[in-house]
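Letter by letter, the chains look like this.
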Amino acid sequence: MTTDRTAAVTRNTAETQITARVNLDGSGRAKLATGIGFFDHMLDQIARHGLIDLEIEAKGDLHIDGHHTVEDVGITLGQAVCQAVGDKKGIRRYGHAYVPLDEALSRVVVDFSGRPGLVMNVPFKSGMIGTFDTQLAHEFFQGFVNHAFLTLHVDNLRGENAHHQCETVFKAFARALRMALELDPRAAGTIPSTKGSL
């Protein structure tokens, strides 16, 4: 069974410079500096509710907008999670969670299938949350699934406040991730697939 499930990935482009460090068996500590306050708040939900120690340092072209930074953080974090999970032996593979926040309720389902796929249905009630463009939530998750090689279904079932909607999505994602990445003592050393690989 894998004992060290940590990774650090650096991604440098003409648009962004990003480093992501993860410990999948952490306690939920986060050190975040993306330059986008609300996005840091959402990443903090992933750490706290996923019990993943997470450090992200990002410098991006925020004078244009947040798109490149948010998308590239998703890519870099996905790469780090992929490295940290390794061969996937002993993980539960599937995870799901429902999370409410006042009037909002979201459901997220995860499969570490080895096949990138995102189905996201979040009808945000507002295009902006402060200075955060709500369309960027999709860009983050798309970047993440493409590089963590997982299938992700995200549904906001109800909500009237965009902040609440987004926060329930990120919290549910964290909880589902935590469940899927959990090591199952009954499946120690085995790949959770009839194919024998993921």
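Structure's up top.
Calculation rules
Residues numbered from 1 in each chain as written. Predicted model: local features only at pLDDT ≥ 70, side-chain atom pairs only at ≥ 80, totals over all residues. Heavy atoms only, no water. Salt bridge = Lys/Arg side-chain N within 4 Å of Asp/Glu carboxyl O. Helix = DSSP H or I, 4+ residues; strand = E, 2+ residues; numbered from the N terminus. Buried < 20%, exposed > 50% of the residue type's maximum accessible area, 1.4 Å probe, protein only. Pairing = 2+ DSSP bridges. Axes fitted to C-alpha atoms, helices over the stretch in contact; angles between N-to-C directions. Contact = heavy atoms within 4.5 Å. Right-handed = clockwise from strand over helix to strand, strands pointing away. Core = buried A, V, L, I, M, F, W, Y, C linked by side-chain atoms within 4.5 Å. Phe/Tyr/Trp six-rings, centres within 6.5 Å; stacked < 30°, edge-to-face > 60°.

Enquirer: How should I be thinking about the pattern of salt bridges in this particular structure?
Expert: Two side chains that carry opposite charge are able to pair once their charged atoms sit near each other. One pass over the structure, following the stated rule, counts twelve salt bridges. Salt-bridge contacts for Asp-155 lead to Arg-107; the nearest nitrogen and oxygen are separated by 3.3 Å. Residue Asp-155 is located in strand β10 (residues 151-158), and its partner Arg-107 is located in strand β6 (residues 104-111); the two are separated by 48 residues in the primary sequence. Judged by relative accessible area, Asp-155 falls into the buried class, the value being 18%. Judged by its relative accessible area of 27%, Arg-107 falls in the partly exposed class. Taken together, the salt bridges that share partners define one network made up of Arg-21, Glu-55 and Glu-57.

Enquirer: I would appreciate a short explanation of the sheet that holds β6 in the present structure.
Expert: Paired through backbone hydrogen bonds, the strands of a sheet run either parallel or antiparallel to each other. One open sheet accounts for four strands, arranged β5-β6-β10-β7; its pairing is mixed. The open sheet terminates on both sides in strands that have one partner only, identified here as β5 (94-101) and β7 (117-121). Going across the sheet, the axis of each strand differs from the next one's by a mean of 10 degrees, ignoring polarity. Both β7 and β10 contribute to a ladder of five bridges, which runs parallel. Across the sheet, Val-119 pairs through a bridge with His-153, a residue of β10. Of the strands in this sheet, β7 and β10 are in contact with helix α3 (residues 135-148), which crosses β7 at around 160 degrees. Across the sheet, helix α4 (residues 162-181) touches β5, β6 and β10, and the angle it forms with β5 is around 150 degrees.

Enquirer: Honestly, the pairing of strand β4 (residues 53-60) in this entry has me stumped. Any pointers?
Expert: The side chains of a regular strand alternate between both faces of the sheet. Looking at chain direction, strand β2 (residues 16-23) and β4 are connected through eight bridges and run antiparallel. By the bridge assignment for β4, Gln-17 is matched with Lys-59. Each parallel crossover has a hand, and for strand β3 (residues 30-33) linked through helix α1 (residues 37-50) to β4 it is left-handed.

Enquirer: Even after reading the chapter, I still don't get the pairing of β6, so can you show me in this structure?
Expert: Taking burial as the measure, the eight residues of β6 include six buried ones, the bulk of the element. In this structure, β5 lies alongside β6, joined through eight bridges in antiparallel fashion. Bridging across to β6, Gly-95 finds its partner in Val-110. Here seven bridges tie β6 to β10, and the two strands are oriented antiparallel to one another. Its bridge partner lying in β10, Leu-105 is registered against Arg-158.

Enquirer: Could you clarify how one ought to interpret the nonpolar core in this entry?
Expert: Taken as a class, soluble globular proteins show a tendency for nonpolar side chains to be buried jointly. Among the nonpolar cores identified, the biggest contains 55 residues, and Val-22, Phe-112, Phe-140, Phe-144, Leu-150, Leu-152 and Phe-170 are the most heavily contacted of them. Here this core gets ten residues from one element, more than from any other, and that element is α4. Setting aside anything within four residues of it in sequence, one finds Phe-144 in contact with Gly-74, Ile-75, Leu-77, Gly-78, Val-81, Leu-150, Phe-173 and Leu-177.

Enquirer: I would appreciate a short explanation of the packing of aromatic side chains in the present structure.
Expert: Inspection of the entire model under this criterion finds nine aromatic pairs. Measuring from centroid to centroid gives 5.6 Å for Phe-39 and Phe-140, while their planes differ by 75 degrees, and the two rings are edge-to-face. Taken as a pair, Phe-39 in helix α1 and Phe-140 in helix α3 lie far apart in primary sequence, 101 residues in all. Of the two residues, Phe-39 and Phe-140, both sit in the buried class. Taken together through their ring pairs, the aromatic side chains of Phe-38, Phe-39, Phe-132, Phe-140, Phe-141, Phe-144, Phe-170 and Phe-173 make up a single cluster.

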